[in-house]
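Structural overview for review
Chain by chain, the residues run as shown.
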Amino acid sequence: MELLLHAFLNSLSSTVLDVAPIAGVLVLFQFAVLRRRPPNLRKLIVGFIYVLSGLALFLVGLEQALFPIGETMARQLTSPDTVGVPPTEGAPDWRDYRLVYAFAAAIGFATTVAEPSLIAVALKAETVSGGAVRAWGLRIAVAVGVAVGVALGCFRIVTGTPLPWYIMAAYVIVIVLTFRSVRTIVPLAYDSGGVTTSTVTVPVVAALGLGLAAGIPGRSPLIDGFGLIAFASVFPIMTVLGYAIVASWWKRWRYRQPREDGGRIQA
């Protein structure tokens, strides 16, 4: 208990120092530029205290729970008992780590669905589009992209292939899909890739990459352990753009199908 309290106080002090510049800018513009007293000042102060406490508790949770769980799971999945092959000094066979890819895809999908920033963007997109963009549809499309990206990133760690190859190829596909997709969905797709890598996804995925690199012979956590966040950022853009293209094709195809009365199905 004392260790948790000590960790919370240290996290709270560092959070106050981190948030102080933001608060300073807001106070400066409010009183020096706008020259107005902010409304509901007492509620703002209480809310600010809640924000500081929540951030401090979240950082303690990262250090005490999410990071250790991700690293422990990665090490257990790459242990010789789980993989079924003895550790060797040579390059590992990527086919021996199928369970790692499945776990990476599952954890990437689950953390993305629970991502608060993605939920907020999806709800706003549904409201602004008048229901044309479904919040759950967008969240599932983004989650599938993260799942594929994290699994492919784990494959890269196992094989030791260079990270730029994957990222450059992925962005080439993104550029092609951008020109083929509907213009109204392009900004939302790019924002979806950014909001995915936030409070829930980043700690778990980063811990998974570090633990995986530490558990595979010949891999360096510093060189090979990082990079999964890049996969988690670019692949959701691809899936959202691809989903929009497929939905557009499906809509046109249904419109062209003749009805039984000789007309056509309306879009």
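Residues numbered from 1 in each chain as written. Predicted model: local features only at pLDDT ≥ 70, side-chain atom pairs only at ≥ 80, totals over all residues. Heavy atoms only, no water.

1. Overview of the nonpolar core
Residues Leu 138, Val 150, Cys 154, Leu 212, Val 240 and Leu 241 are the most contacted members of the largest nonpolar core, which totals 44 residues. Secondary-structure elements contributing two or more residues to this core are α2 (41-77), α4 (98-113), α5 (116-128), α6 (135-159), α7 (163-180), α8 (186-196), α9 (201-215) and α10 (228-256). Looking at which element gives the most residues to this core, the answer is α10, with 11 residues. Residue contacts for Leu 241: discarding those within four places in its chain leaves Val 174, Leu 177, Thr 178, Ser 181, Ile 185, Val 186 and Ala 189. (Core = buried A, V, L, I, M, F, W, Y, C linked by side-chain atoms within 4.5 Å. Buried < 20%, exposed > 50% of the residue type's maximum accessible area, 1.4 Å probe, protein only. Helix = DSSP H or I, 4+ residues; strand = E, 2+ residues; numbered from the N terminus. Contact = heavy atoms within 4.5 Å.)

2. Comments concerning α6
A rise of 1.5 Å per residue sets the reference length of α6, with its 25 residues, at 36 Å; its end C-alpha atoms lie 36 Å apart and thus fit the reference within 8%. Just downstream of α6 lies Gly 160, where phi reads positive at about 75°. (Expected span 1.5 Å × (residues − 1).)

3. Describing α8
For α8, every residue scored as buried is listed here: Val 186, Leu 188, Ala 189, Ser 192, Gly 193, Val 195 and Thr 196. In this structure, the buried side of α8 is in contact with α4, α5, α6, α7, α9 and α10.

4. A short note on the confidence of the model for the protein chain
Model confidence for the protein chain is summarised by a mean pLDDT of 82, while 91% of its residues fall at 70 or above. Per-element confidence in the protein chain is highest for α7, whose mean pLDDT is 92, and lowest for helix α3 (residues 80-83), whose mean pLDDT is 65. (pLDDT = per-residue confidence, 0-100.)

5. Regarding the packing of α4 against α6
In helix packing, the relevant descriptors are the interaxial angle and the interaxial distance, both defined with respect to the helix axes. Direction vectors running N to C along α4 and α6 enclose 145°, while the axes themselves pass 7 Å from each other. The two elements α4 and α6 meet at a crossing, and its hand is right-handed. Grouping the constituent residues of the contact of α4 with α6 by class yields 18 nonpolar, 2 polar and 1 charged. (Axes fitted to C-alpha atoms, helices over the stretch in contact; angles between N-to-C directions. Left-handed = near helix turned anticlockwise from the far one by under 90°. Nonpolar A, V, L, I, M, F, W, Y, C, P; charged D, E, K, R; others polar.)

6. Focus on the packing of aromatic side chains
With the rule as written, the count across this model stands at 3 aromatic pairs. Between the aromatic rings of Tyr 101 and Phe 155, the centroid separation amounts to 6.1 Å while the plane-to-plane angle is 65°, which identifies the pairing as edge-to-face. Note that Tyr 101 is positioned in helix α4 and Phe 155 in helix α6, a separation of 54 residues in sequence. On the basis of relative accessible area, Tyr 101 is assigned to the buried category, the value being 14%. What links up through ring pairs into an aromatic cluster is the set Tyr 166, Phe 231 and Phe 235. The ring of Trp 136 has Arg 139 sitting right over it, with the charged end atom 4.2 Å from the ring centre. (Phe/Tyr/Trp six-rings, centres within 6.5 Å; stacked < 30°, edge-to-face > 60°. Lys NZ or Arg CZ within 6 Å of the ring centre and 35° of its normal.)

7. Description of the packing of α8 against α10
One can describe the packing of α8 onto α10 by two numbers: an axis separation of 8 Å at closest approach and a directional angle of 150°. One element, α8, and the other, α10, form an angle in the roughly antiparallel class. Handedness of the α8/α10 crossing: right-handed. Touching Val 186, Ala 189, Tyr 190, Ser 192, Gly 193 and Thr 196 of α8 are Ala 232, Ser 233, Pro 236, Ile 237, Val 240 and Leu 241, all from α10. A class-by-class count of the residues in the contact of α8 with α10 yields 8 nonpolar, 4 polar and no charged. (Parallel < 35°, antiparallel > 145°, perpendicular 65-115°, else oblique.)

8. Some points on the side chain of Thr 201
Residue position: Thr 201 is located in helix α9. In this structure Thr 201 comes out as buried when scored by relative accessible area, which is 1%. A distance of 2.7 Å separates a polar atom in the side chain of Thr 201 from a polar atom in the side chain of Glu 115. Excluding residues within four positions of it along the chain, Thr 201 makes contact with Thr 111, Thr 112, Glu 115, Val 146 and Thr 196. (Polar contact = N/O pair within 3.5 Å; in protein donor to acceptor, adjacent residues only side chain to side chain.)

9. A word on unusual backbone geometry
Despite not being glycine, Asn 40 shows a phi value in the positive range, around 55°. Relative to the elements of secondary structure, Asn 40 occurs in the loop between α1 (2-33) and α2. The exposed category is assigned to Asn 40, whose relative accessible area is 54%.

10. Description of the environment of Ala 65
Mapped onto the elements, Ala 65 comes out in helix α2. The sequence separation of Ala 65 and Thr 127 amounts to 62 residues, and the corresponding C-alpha distance is 35 Å.

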